[in-house]
Amino acid sequence: MRRIVGPWLAVAWFGFAVLPWSAIGGGGFFSLPWLGKFPLTIAAAPALVQLVGHGRLWFLPLLASVLLPLAALRWPATDTATRQRASNLLIAAGGSGL
């Protein structure tokens, strides 16, 4: 399970902590003038910076959805009940992220 969940969780954390989340303005993401303002302005800040630095609390549910799978990675997948519990947690985290 770690071989599957780990890389996808890394992608989720990269999107949450590194990529800008607001309207960048101008020519969009690939025009790249927003890089001069990255990551401190609200228009170019990642969700984590907006949550912590700018007080945008509506990113808290998204933070919970990327934190929940970390608990599933800590459980050893030795028996069926543990795998079922980890699967349910991953389904709940994915659903809350949507």
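The coordinates are above.
Calculation notes
Residues numbered from 1 in each chain as written. Predicted model: local features only at pLDDT ≥ 70, side-chain atom pairs only at ≥ 80, totals over all residues. Heavy atoms only, no water. Core = buried A, V, L, I, M, F, W, Y, C linked by side-chain atoms within 4.5 Å. Buried < 20%, exposed > 50% of the residue type's maximum accessible area, 1.4 Å probe, protein only. Contact = heavy atoms within 4.5 Å. Phe/Tyr/Trp six-rings, centres within 6.5 Å; stacked < 30°, edge-to-face > 60°. Helix = DSSP H or I, 4+ residues; strand = E, 2+ residues; numbered from the N terminus.

A.B. asks: What should I look at first to understand the nonpolar core in this one?
C.D. replies: If you look at soluble globular proteins, the nonpolar side chains tend to sit buried side by side. In terms of nonpolar packing, the biggest core is built from six residues, these being F16, A47, L51, F59, L63 and V66. Other than its neighbours up to four places away in sequence, L51 contacts R56, L57, F59, L60 and L63.

A.B. asks: Would you mind going over the packing of aromatic side chains with me for this structure?
C.D. replies: How two aromatic rings sit relative to each other is given by the distance of their centres and the angle of their planes. One pass over the full model with this rule turns up three aromatic pairs. Ring centres of W21 and F59 lie 5.8 Å apart, and the angle between their planes is 80°; this geometry places the pair in the edge-to-face category. Taken as a pair, W21 in the loop between α1 (2-17) and α2 (47-53) and F59 in the loop between α2 and α3 (60-74) lie far apart in primary sequence, 38 residues in all. Classification of W21 by relative accessible area gives partly exposed; the value is 40%.

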